[in-house]
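Listed here are the chains, written in short residue letters.
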Amino acid sequence: MSKKKLKIRDLLALNLKENRKKCGFTQEKLAEKAGISAHYLAMIEVSKKFPTPEMLDRIATALEIETYQLFDVSATPEGALLHLEQSILTNVEQLINVTIKQAIANEFKNNKKY
């Protein structure tokens, strides 16, 4: 079974829409702030158009984010899962470290000669 690869246009569309909604903007409002047409913005959000670097900068500025954030993989379900997995691993590692320290302290306490 093969996984469907996320294309850069789809990643941009996903992040653009997500960030637009976080700002509470309609497509029309964001388009106005970025100085582009609402139709063009809609085409980007459905992966039909891909903006120039300059246009990406204008859109990011209108969203008050850095341009690279329009390509943030962690915003995807796969990226969120990867982040969650890393978080779980970090928590497990911390738990193991605490458990080992407690075991060493208990062993030291039990073997201490009076």
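The text that follows walks through the structure, step by step, so that each part is easy to find. What you see is a predicted model, and the numbers here were worked out from it, not measured in a lab.

1. Brief notes about the overall build of the chain
Argument step 1. For the chain, the helix and strand inventory stands at five helices and zero strands.
Argument step 2. When the elements of the chain are put in sequence order from the N terminus, they spell out α-α-α-α-α.
Argument step 3. Here the chain, with 114 residues, has 25% of them falling under the buried criterion.
Argument step 4. In the chain, 58% of the contacts between residues at least 6 apart in sequence involve partners at least 24 apart.

2. Let's talk about the side chain of Glu 45
Argument step 1. Looking at where Glu 45 falls in the secondary structure, it is placed in helix α3 (residues 38-45).
Argument step 2. Polar side-chain contacts of Glu 45 include one of 2.8 Å to the side chain of Gln 27.
Argument step 3. With near-sequence residues (within four places) excluded, Glu 45 lies in contact with Ala 13, Leu 16, Lys 17, Arg 20 and Gln 27.

3. Topic: the packing of aromatic side chains
What describes a pair of aromatic rings is the distance from one ring centre to the other and the angle between the planes of the rings.
Argument step 1. Applying the stated criterion across every chain yields a total of one aromatic pair.
Argument step 2. Look at Phe 50 and Phe 71: their rings are 6.3 Å apart centre to centre, the planes differ by 45°, and that puts the pair in the tilted class. You can see Phe 50 sitting in the loop between α3 and α4 (53-63) and its partner Phe 71 sitting in the loop between α4 and α5 (77-111), a full 21 residues away along the chain.
Argument step 3. On the basis of relative accessibility, which here comes to 22%, the residue Phe 71 falls in the partly exposed class.

4. Some remarks on the packing of helix α2 (residues 27-34) against α4
Argument step 1. One way to put it is that α2 packs onto α4 with a least axis distance of 8 Å and a crossing angle of 115°. Regarding α2 and α4, the two cross each other, and that crossing is right-handed. Residues Leu 30, Lys 33 and Ala 34 of α2 lie in contact with α4, whose contacting residues are Arg 58, Ile 59, Ala 62 and Leu 63.
Argument step 2. Of the residues that constitute the contact of α2 with α4, the class distribution is five nonpolar, no polar and two charged.

Basis of the calculations
Residues numbered from 1 in each chain as written. Predicted model: local features only at pLDDT ≥ 70, side-chain atom pairs only at ≥ 80, totals over all residues. Heavy atoms only, no water. Helix = DSSP H or I, 4+ residues; strand = E, 2+ residues; numbered from the N terminus. Buried < 20%, exposed > 50% of the residue type's maximum accessible area, 1.4 Å probe, protein only. Contact = heavy atoms within 4.5 Å. Polar contact = N/O pair within 3.5 Å; in protein donor to acceptor, adjacent residues only side chain to side chain. Phe/Tyr/Trp six-rings, centres within 6.5 Å; stacked < 30°, edge-to-face > 60°. Axes fitted to C-alpha atoms, helices over the stretch in contact; angles between N-to-C directions. Left-handed = near helix turned anticlockwise from the far one by under 90°. Nonpolar A, V, L, I, M, F, W, Y, C, P; charged D, E, K, R; others polar.

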